[in-house]
Amino acid sequence: MIEHPTIEIDVPLAPLTTYKVGGPAAYFAEPNDLLDLRDVLEAVGPDIQIVVLGRGSNVVISDDGIDGLVVKLGHSFQAAAISRDGSIVAGGGMPLPKLARFAAQEGRGGLGFYVGIPGSVGGAVRMNAGGHGAQTADVLDHAVVLDARTAEVVEMTPTELALSYRHSGLTDTDIVVQATYHTHPADKAALDLELREITRWRKDNQPGGTLNAGSVFKNPPGDHAGAIIDRVGLKGVRFGAVAVSDVHANFMVAASDATASDIFRFVYRIKAIVRDETGIDLEPEIKFLGDFSSVVAPP
Ligand SMILES: Cc1cc2nc3c(=O)[nH]c(=O)nc-3n(C[C@H](O)[C@H](O)[C@H](O)COP(=O)(O)OP(=O)(O)OC[C@H]3O[C@@H](n4cnc5c(N)ncnc54)[C@H](O)[C@@H]3O)c2cc1C
């Protein structure tokens, strides 16, 4: 048993994710700064599984929870500042919409696309999050990454991070604690309008107010996963407590009594139907965290 003043035991994780499903973390910490984070990692030692949770907007946590340490970056990781050269330095835990608004208020362009992505800076670097014609790799100068095993901190450029479509080369023990973005000067009123237009587009084209984790599958080259699912006739289809959204066919919407296992089975059922009907093997973009080995999914 690990005993440490800031490490909590058996902490429910469902409320920390957008799907609101999943079991507890055996150990949970919300370190306030780099010193705290290093202290927590030293206390748990090198042999424990570590999961970093951002805003939980791209994950499904197993109903069995996480048998390890879940780290959520605390207060001082949730701020941004502007440098003299106009680059913006943001903490790994900062919510992306807040960062987009901060940049707009400072009259700096380039980060507007983040306004509609409900993740954090760390999650965006890990996933190379993007939309509206831009992605994190385009605007990231470098990220500061802490290796949870050695507590060493390194600066990594987009090339070193191996950022590609909704992918990075980071592993589960790499914690993005800070990111520096290059931005350009822009008219504040025009930036404000951009944010409002993106927000309106999202309201019109995504199932707002539902339990989901955004796009479930990656788009295959030259096509859109949502359009493929729609063509197969699955838009709006419901199996049990999970449905394909009738607004956006790449969003899988969960009922409030859905479990993580329900979502896992549903996603793999849709994948199997699409593969059987079209030969296209869709790859999940969302991450299933924890143990799903006992959940039976279609082959
Ligand atoms: C309504 C909705 C709309 C969305 N629209 C988009 C979109 O347009 N474009 C898009 O790309 N995504 C979209 N997403 C998905 C999601 O918001 C992004 O993938 C986001 O970058 C995930 O960030 P997060 O902080 O929520 O990460 P989490 O979901 O908490 O975690 C995702 C992965 O990143 C890792 N991670 C989290 N924080 C860190 C960190 N500090 N250091 C290292 N690894 C970390 C986690 O361990 C996990 O592997 C959408 C989701 C929703 C719910």
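Everything numeric in this text was worked out from a predicted model, so none of it was measured.

About the thresholds
Residues numbered from 1 in each chain as written. Predicted model: local features only at pLDDT ≥ 70, side-chain atom pairs only at ≥ 80, totals over all residues. Near = placed C-beta within 6 Å. Helix = DSSP H or I, 4+ residues; strand = E, 2+ residues; numbered from the N terminus. Domains from an automatic or database assignment. Pairing = 2+ DSSP bridges. Axes fitted to C-alpha atoms, helices over the stretch in contact; angles between N-to-C directions. Core = buried A, V, L, I, M, F, W, Y, C linked by C-beta atoms within 7 Å. Buried ≥ 20, exposed ≤ 12 C-beta atoms within 10 Å, placed from the backbone. Parallel < 35°, antiparallel > 145°, perpendicular 65-115°, else oblique. Contact = placed C-beta atoms within 7 Å. Nonpolar A, V, L, I, M, F, W, Y, C, P; charged D, E, K, R; others polar.

Caption draft 1: Region of interest: the site of the ligand. Residues in contact with the ligand amount to 34 residues; listed here are only the nearest, Gly 54, Gly 119, Gly 122, Gly 123 and Gly 214. Sorting the residues of the shell around the ligand by element identifies β3 (50-53), α3 (121-127), β9 (130-131) and β13 (174-181) as the ones contributing at least two each. Considering every element that reaches the shell around the ligand, the biggest residue donor is α3, with five residues. Three or more residues apiece are contributed to the shell around the ligand by two domains, here domain 1 (8-75) and domain 2 (78-204).

Caption draft 2: Looking closely at the sheet that holds β3. Strand order in the open sheet made by the four strands is β1-β2-β5-β3, with mixed pairing throughout. In this open sheet, the two strands that pair with only one neighbour each are β1 (8-12) and β3. The average angle at which neighbouring strand axes cross in this sheet is 45°, direction not considered. Across four bridges, the pairing between β1 and strand β2 (residues 24-29) is antiparallel. Note on β2: the bridge partner recorded for Ile 9 is Tyr 27.

Caption draft 3: Examining the nonpolar core more closely. Counting residues in hydrophobic clusters, the biggest one holds 88 residues, and the most contacted among them are Val 60, Val 70, Leu 99, Ala 100, Val 121, Met 252 and Ile 263. Ranked by residues supplied to this core, first place goes to helix α7 (residues 260-278) with seven residues.

Caption draft 4: Main features of the pairing of β13. With respect to burial, β13 is a largely interior element, seven of its eight residues being buried. Pairing geometry for strand β7 (residues 88-91) and β13, over four bridges, is antiparallel. Bridging across to β13, Ala 90 finds its partner in Ala 179. In terms of strand pairing, strand β11 (residues 140-147) meets β13 through seven bridges, oriented antiparallel. For Val 144, the partnering residue across the bridge sits in β13 and is Gln 178.

Caption draft 5: Seen up close, the packing of helix α2 (residues 96-105) against helix α5 (residues 188-205). Between α2 and α5, the least distance of the axes is 8 Å, while the angle of their chain directions is 160°. Taken together, the axes of α2 and α5 lie roughly antiparallel to each other. Along the contact surface, α2 presents Ala 100, Arg 101 and Ala 104, while α5 presents Lys 188, Leu 191, Asp 192 and Leu 195. Looking at the contact of α2 with α5 residue by residue, the classes come out as four nonpolar, no polar and three charged.

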